[in-house]
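Structure at a glance
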There are 4 protein chains.
Amino acid sequence: MLRDITGLHVVAQTPFHPDGAIDFDSIDSLSAFYYRHGARGLTVLGFSGEAQKLTPDEAVAVAARYVAASGDRRIIVGVSAPGVAVLAEVTRQVMAEGADAVMICPPRQVRTDEDLLRYFDEVFARIGDTPVVLQDFPAASSVRMSVPAMARLLDTFPQIGAIKEEDLPSPIKITRLRAACRPVRILTGNNGLYLPQELERGADGPMAGFSFPEMLSGVYDLMTAGDRAGAHDLFNSYLPLLKHEAQGEWGIAIRKEMMRRRGALASAVLRGPGPSLDETDLAELDFLLSRMELPG
Amino acid sequence: MLRDITGLHVVAQTPFHPDGAIDFDSIDSLSAFYYRHGARGLTVLGFSGEAQKLTPDEAVAVAARYVAASGDRRIIVGVSAPGVAVLAEVTRQVMAEGADAVMICPPRQVRTDEDLLRYFDEVFARIGDTPVVLQDFPAASSVRMSVPAMARLLDTFPQIGAIKEEDLPSPIKITRLRAACRPVRILTGNNGLYLPQELERGADGPMAGFSFPEMLSGVYDLMTAGDRAGAHDLFNSYLPLLKHEAQGEWGIAIRKEMMRRRGALASAVLRGPGPSLDETDLAELDFLLSRMELPG
Amino acid sequence: MLRDITGLHVVAQTPFHPDGAIDFDSIDSLSAFYYRHGARGLTVLGFSGEAQKLTPDEAVAVAARYVAASGDRRIIVGVSAPGVAVLAEVTRQVMAEGADAVMICPPRQVRTDEDLLRYFDEVFARIGDTPVVLQDFPAASSVRMSVPAMARLLDTFPQIGAIKEEDLPSPIKITRLRAACRPVRILTGNNGLYLPQELERGADGPMAGFSFPEMLSGVYDLMTAGDRAGAHDLFNSYLPLLKHEAQGEWGIAIRKEMMRRRGALASAVLRGPGPSLDETDLAELDFLLSRMELPG
Amino acid sequence: MLRDITGLHVVAQTPFHPDGAIDFDSIDSLSAFYYRHGARGLTVLGFSGEAQKLTPDEAVAVAARYVAASGDRRIIVGVSAPGVAVLAEVTRQVMAEGADAVMICPPRQVRTDEDLLRYFDEVFARIGDTPVVLQDFPAASSVRMSVPAMARLLDTFPQIGAIKEEDLPSPIKITRLRAACRPVRILTGNNGLYLPQELERGADGPMAGFSFPEMLSGVYDLMTAGDRAGAHDLFNSYLPLLKHEAQGEWGIAIRKEMMRRRGALASAVLRGPGPSLDETDLAELDFLLSRMELPG
């Protein structure tokens, strides 16, 4: 199912109303926005999708709405959870709703190579043949996976069709993974901050969030077409804002504000507990934008 | 609601069938066992209750069954979760099912005194006047709460009626809490390993698990009756087994095995992922028991 | 001593020979390079100065050589250590060698506001009136200091004359510190990645490393002169490389390579254990540089 | 050098004068005390030896004094440090002073099996053929080593002659290590709390601290002589105090007080920062002792 996953797969935001309720209508407008700007599919309920603030029932409902708006595009659903029971139950439900795959980042109790293999033994005993994107994101998960351990994991579990690689420095790790692992798709996150180098070292596309998804898809397209200089130039032109959005959860607030301005969602609010932007933040953002020269 | 909480409140196990399904009938026999051996109430779905292996729906069902078997005794339900949404939803449901209070251990993202206050601001904005037991258990949660921070928390939130104190060395911390905090009930955990000293320094009773709850209630009763020597002697007579059960999740497997032997539950199995006992473990346990001289 | 600390204070590299020995001659050439490009002083033996790879005796020798090459400029020496004994002994020795201040980041055992106050009680009982830069860098130290805790720390210890602020998002934290704390100098790190916003929110200058220190001093000078647009434009022109160097210890290898090319030090090697650059890394760097249009 | 290491090797305290200076004379009296009560050798400068409070020069001086007082008994010196440079330098010096081996616990940056192998590659490149005791103590180090990783480490580095095993539950891990690893000595720590089970599963002796070392050596001797019941009974008779001392650094204060009472050292003080005992603590200890019936 994941064999041909290439190109931009946006890590989608979860939109909320100012009172904290999920804004399902904005899921439709967000979907349209992402697809209009080059997304071939979406990853919903990742870390930057505020997944940890939802109940399992809400998570399934959000995923189902994204599936409904996806046409024939691929929807991957983040199902990472501290316990396998919740992970398995949410996986069952979102796959029944029509998701194409789930994304799993091992939980922090996984601390050795042996733990890692055992954890996925347990997971796949529950979710069977569900296609899986393995997320390698130690900054958020505290789980560090070595390249030999990942190679062994891939050999053991054919269900893992893709890796979301965001262990820094990611370019180095991609080079090492490509040398050590069976063929597997590698998509990259970290807000796209290292996208040109990641693609040059063998990544298959970005799996990241940014308020200008057309930059992410554009860099991929240019690089794929052999225009390395053009890819770098496009990337660099957006870099001040890209970096500005890459500031943890506060950066997500910036991203939502930018997407609100672009008409992609109704409210920029994050569900609490979470940051909200004040006048200083907004004025700072305005000035930053005023010094950028965006293409088109 | 928690003003008069004193004496033994057992941290209850969650019983499973060998296939991993919840064994609801054993909740009834476990309840009877706990109450027969001196428990005035129970804390269900704590760390040693394998709470992290249940879905929210399962957690509510377990709590409801324990409530149904409680007569007029107090049932406290552990609702700690990485996200406030799940915590609030489970709290709402278990209180509707008849629980008396919830127990909350702050999640690992809480890292400063300011974070702590903010976290409970957020929590109580969702759960209102629900009576709360604050769990201070840094070995499991990674959250360390200083005495001044806890005093401030208690002053800010009258809903916190009791503390489950298990920050080591707990006796020292109890002395400091008693000197610094408004009146509050303090119950103690850590498998009861430090119970005599904790009671001598002002704790109101054990909130712990052990396969011989009569030791926990007995030590409390003797200490309350002024028989300090008797309390120590009773405690010491069980200490080899008490310590043997205090070995993390493997110790929980020992405890369940002991309670199975005592007829309190049908199967000693833990839900996976979790340890199971082999012949060496069982023979070791038998020999340990053979060198103990238990009262009665 | 630190009352007037403003402007660029470079976080200096520690140069090594290919065999791992300290390259003392390159300390002189590095010093000249930093001062020629706008540094008003240096911070030596910070995290990116590979301090953790030196013995205490080596650390003192490196600091002494930087002092000897400083003219009348300020030398601040990182002395953070897991134990207070080593911290105090190295402080004593580097101050005797002529350092102007020490920089201290609390160790990971500091986990509450109370711990923090106690830790610095212990530290200042040993180092007396030594001027101190407080480093707030949770990504490396695991210690998170809230704004109220920092305000109290500053009120308690007049010896703290400056803060190196690198808790992300740093701009937000600077705004909060300026509102809550007594007057104190705030310098900023994180490789300079957020320098324009940090200065706009009240920082007094960069305390960071970058292979083009003239960008860091230039942005400070332009911002101070009121040319906000010019500051942003200068910053943005270097951003692709700035971000490339901001990749942990591998980024330090890039930075040393760039400074070797610029004649600032003899060898780009890091002391082991540490990364070294291969042909792919170097070609990648060359291409990245080829797409930048640097001023002058 | 470590091939025949069996029996009690006490983890020695570091004695201080009330002003915090090292009390070298008490090193002699402590040594005599340990040897008189069955120690075949000592491990100095472990976690409970307050090693982290010493400068490297002090550490070498303490080790040298213990060597001078050792007669022909074995002295193992803890040299764990965040950086390899300090580890290698202290190793060089203590081996020159006559130590028999060093004990190394990998530092927290070691997070995968691959990291572990690389770390010891780096270490042994510096310390060559020095005999090493590998310390497996995740509660203090945060490094978890799986059994397969340890087996590989032992196969790679013949210099590792013994393991100090204190990953809980240690009895289970010893069974697994014995099944998976080449012949190696296994000594056990954790204050001796699990000693009978550890010996029954194949450990070669205790490497722990306790104020009654004769219990540790006695249990070993009885178990070795085939008197399993006697070993358990002796162990159980000391268990209340053993457990009382097993309360982190505060427990070390208890242990030092007990050894002061027994004439083994002049002052019970810990070097700051560290706990000191107040009247409540001392009265509590007295009562605890009054309920124990010690042999002889």
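None of these values were measured; they are calculated from a predicted model.

Criteria and thresholds
Residue indices follow the written sequence of each chain, beginning from 1 at its first position. Chain A is the first chain written and ligand 1 is the first ligand written, with later ones labelled in order. Owing to the predicted nature of the model, reporting of local features is limited to residues with pLDDT of at least 70; listing and counting of side-chain atom pairs is limited to 80 or more, with chain, interface and lining totals taken over all residues. Only heavy atoms go into the side-chain values, all of them from the structure, while hydrogens and water stay out. Numbering of helices and strands runs from the N terminus, with a helix taken as a DSSP run of H or I at least four residues long and a strand as a DSSP run of E at least two residues long. Note on method: radius of gyration uses C-alpha positions; expected globular size equals 2.2 Å times residues raised to 0.38. Between buried and exposed lies partly exposed: a residue is buried under 20% and exposed over 50% of the maximum accessible area for its type, with that area taken using a 1.4 Å probe on protein chains only. Throughout, the Shrake-Rupley method with a 1.4 Å probe supplies accessible areas, and for residues the shown protein chains are the sole cover considered. As used throughout, the charge tally considers Lys and Arg to be positive and Asp and Glu to be negative, leaving His and the chain termini uncounted. Charge coordinates come from a single atom per side chain, which is NZ of Lys, CZ of Arg, CG of Asp or CD of Glu. Following DSSP output, two strands are said to pair if at least two bridges run between them. In this analysis, two residues are considered to be in contact whenever any of their non-hydrogen atoms come within 4.5 Å of each other. Accessible area, probed at 1.4 Å, shrinks when two parts are joined; the buried area is that loss added up over both. The term salt bridge refers to a side-chain nitrogen of Lys or Arg lying within 4 Å of a carboxyl oxygen of Asp or Glu. Any N or O atom pair separated by 3.5 Å or less is treated as a polar contact, with the protein-specific requirement of one donor-capable and one acceptor-capable atom, and with residues adjacent in sequence counted only for side-chain atom pairs. Residues were grouped as follows: Ala, Val, Leu, Ile, Met, Phe, Trp, Tyr, Cys and Pro as nonpolar; Asp, Glu, Lys and Arg as charged; and all remaining residues, including Gly, as polar. Least-squares fitting of one copy onto the other uses the C-alpha atoms of those residues that reach a pLDDT of at least 70 in both copies. Inter-axis angles, ranging from 0 to 180 degrees, are taken between N-to-C directions of lines fitted to C-alpha atoms, where helices are fitted over the stretch in contact. Roughly parallel means an angle under 35 degrees; roughly antiparallel, over 145; roughly perpendicular, 65 to 115; everything else is oblique. Crossing handedness: left-handed means the near helix sits turned counterclockwise from the far one by under a right angle, and right-handed means the same turn made clockwise. A crossover gets the label right-handed when its path from the first strand over the helix to the second runs clockwise, viewed with the strands pointing away from the viewer. Sulfur atoms of two cysteines make up a disulfide when they are within 2.5 Å.

1. Notes on the overall build of chain A
Along chain A, the regular secondary structure elements total twelve helices and eight strands. On C-alpha atoms alone, chain A measures out to a radius of gyration of 18 Å, which is about the 19 Å that the 2.2 N^0.38 rule sets for 296 residues. Considering only C-alpha atoms, chain A reaches an extent of 50 × 45 × 35 Å along its principal axes. When the 296 residues of chain A are sorted by exposure, 63% land in the buried category. Within the structure as shown, chain A displays about 10000 Å² of accessible surface, and the carbon and sulfur contribution to it stands at 50%. Both charge centroids of chain A, one from 30 positive and one from 39 negative side chains, sit 4 Å from each other.

2. Observations concerning the pairing of strand β6 (residues 160–165) of chain B
Residue and element names in this part refer to chain B. Most of β6 sits inside the fold, with six of its six residues counted as buried. Inspection of the sheet shows strand β5 (residues 132–136) paired to β6 by five bridges, in the parallel sense. Across the sheet, the residue bridging to L134 is I163, located in β6. In terms of strand pairing, β6 meets strand β7 (residues 185–188) through four bridges, oriented parallel. Bridging across to β7, A162 finds its partner in R185.

3. What to know about the interface of chain B and chain D
Facing 28 residues of chain B, the contacting portion of chain D comprises 28 residues. Taking both sides of the interface into account, the surface hidden between chain B and chain D amounts to around 2600 Å²; carbon and sulfur atoms contribute 58%. Interface area lost by chain B to chain D is led by K243(B), F287(B) and R291(B), which between them contribute 23%. Summed over the shared surface of chain B and chain D, the number is six salt bridges. Residue D233(B) pairs with R291(D) through a salt bridge whose shortest N-O separation is 2.5 Å. There are eight residue pairs in polar contact (both at pLDDT 80 or more) connecting chain B and chain D. Those elements that place two or more of their residues in the side of chain B that touches chain D are α7 (170–180), α8 (195–200), α10 (228–245) and α12 (279–290) of chain B. Residue contributions to the side of chain B that touches chain D peak at ten residues, all from α10(B). Partitioned by chemical class, the residues of the side of chain B that touches chain D number 14 nonpolar, six polar and eight charged.

4. What to know about unusual backbone geometry
Along the chain, L168(A) connects to P169(A) via a cis peptide bond; the corresponding omega equals -5 degrees. Residue placement: P169(A) occurs in the loop between β6 (160–165) and α7 (170–180). Residue P273(C) is bonded to the preceding G272(C) through a cis peptide linkage, with omega at -5 degrees. Along the polypeptide, P273(C) turns up in the loop between α11 (248–261) and α12 (279–290). Its identity is not glycine, yet S142(C) carries a phi of approximately 70 degrees, on the positive side. Tracing the backbone through its elements, the reader meets S142(C) in the loop between α5 (138–141) and α6 (147–156). Residue classification places S142(C) among the partly exposed residues on the basis of a relative accessible area of 33%. Notably, L45(D) is not glycine yet its phi reads approximately 65 degrees, a positive angle. Here L45(D) is to be found in the loop between β2 (41–44) and α2 (56–68).

5. Digging into the relation of the copies chain C and chain D
For the pair chain C and chain D, the best superposition has an RMSD of 0.0 Å and corresponds to a rotation of 180 degrees with a translation of 0.0 Å parallel to the axis. What the superposition gives is, in effect, a two-fold axis relating one chain to the other.

6. Observations concerning the relation of the copies chain B and chain D
For the pair of chain copies, the relating operation is a rotation around an axis with a shift along it. At an RMSD of 0.0 Å, chain B and chain D line up after a rotation of 180 degrees and a shift of 0.0 Å along the axis. In this assembly, 100% of the residues forming the interface of chain B have copies in chain D that are likewise at the interface, indicating an isologous arrangement.

7. Let's talk about the packing of helix α9 (residues 213–224) of chain C against helix α10 (residues 228–245) of chain C
All names here are of chain C. Between α9 and α10, the least distance of the axes is 8 Å, while the angle of their chain directions is 165 degrees. On the basis of their axis angle, the class for α9 and α10 is roughly antiparallel. Pair α9 / α10 crosses with left-handed handedness. Contact residues: α9 offers E214, M215, G218, V219, L222 and M223, while α10 offers R228, G230, A231, H232, L234, F235, Y238 and L242. Here the contact of α9 with α10 is built from residues that sort into nine nonpolar, three polar and two charged.

8. Thoughts on the environment of M207(A)
Residue and element names in this part refer to chain A. Examined against the element boundaries, M207 turns out to sit in the loop between β8 (205–206) and α9 (213–224). C-alpha of M207 to C-alpha of N190: the two residues are 17 residues apart in sequence and 8.7 Å apart in space. What M207 contacts, discounting residues up to four positions off in sequence, is I5, H9, V11, T43, I76, M103, K164, L187, T188 and G189.

9. Observations concerning the sheet that holds strand β6 (residues 160–165) of chain D
Residues and elements named next belong to chain D. Read across the open sheet, the eight strands follow the order β1-β2-β3-β4-β5-β6-β7-β8; overall the sheet is parallel. With one partner strand each, in any of the chains shown, β1 (9–11) and β8 (205–206) form the two edges of the open sheet. Here helix α3 (residues 84–96) sits on the sheet in contact with β3 (74–78) and β4 (101–104), set at roughly 155 degrees to β4.

10. Examining the pairing of β7(B)
Residues and elements named next belong to chain B. Following the chain from β6 across α7 to the adjacent parallel β7, one finds a crossover that is right-handed. One ladder, built from two bridges, connects β7 with strand β8 (residues 205–206); its direction is parallel. From the neighbouring strand, T188 faces β8, where its bridge partner is P206. Considered for its hand, the β-α-β crossover made up of β7, α8 and β8 is right-handed.

11. Considering the interface of chain C and chain D
Each side of the interface is counted separately: chain C has 17 residues, and chain D has 17 residues. Here chain C meets chain D over a buried area of about 1100 Å², counting both sides, of which 68% is carbon and sulfur. The interface formed by chain C and chain D includes zero salt bridges. For the side of chain C that touches chain D, the elements supplying multiple residues, two or more each, are α3 (84–96) and α4 (113–127) of chain C. Sort the elements by how many residues they give to the side of chain C that touches chain D and α3(C) lands first, with four residues. In terms of residue class, the side of chain C that touches chain D is built from seven nonpolar, four polar and six charged.

12. A look at the sheet that holds strand β1 (residues 9–11) of chain C
All names here are of chain C. Taking strand neighbours across the sheet as the criterion, the eight strands line up as β1-β2-β3-β4-β5-β6-β7-β8 in an open arrangement whose pairing is parallel. With partners counted over all chains shown, the strands left at the sheet margins are β1 and β8 (205–206), one partner each. Lying on the sheet, α6 is in contact with β5 (132–136) and β6 (160–165); it crosses β6 at an angle near 155 degrees.

13. Some thoughts on the side chain of D113(D)
Along the chain, the position of D113(D) falls in helix α4 (residues 113–127). No salt bridge is formed by the buried D113(D), whose closest oppositely charged neighbour, R152(D), lies at an N-O distance of 5.3 Å. Sequence-distant contacts of D113(D), defined by excluding residues within four places in its chain, comprise T112(A), D113(A), S146(D) and A149(D).

14. What to know about the environment of T175(B)
All names here are of chain B. Counting through the fold element by element, T175 comes out in helix α7. C-alpha separation for the pair T175 and G202, spaced 27 residues apart in sequence, amounts to 7.1 Å. There is a polar contact of 2.8 Å between the side chain of T175 and the side chain of R201.

15. With respect to the state of the cysteines
Residue and element names in this part refer to chain B. This model, assessed by the stated rule, comprises zero disulfides over all chains. In this structure C105 is a free cysteine whose sulfur lies 16 Å from that of C181, the closest cysteine sulfur available. In this structure C105 comes out as buried when scored by relative accessible area, which is 4%.

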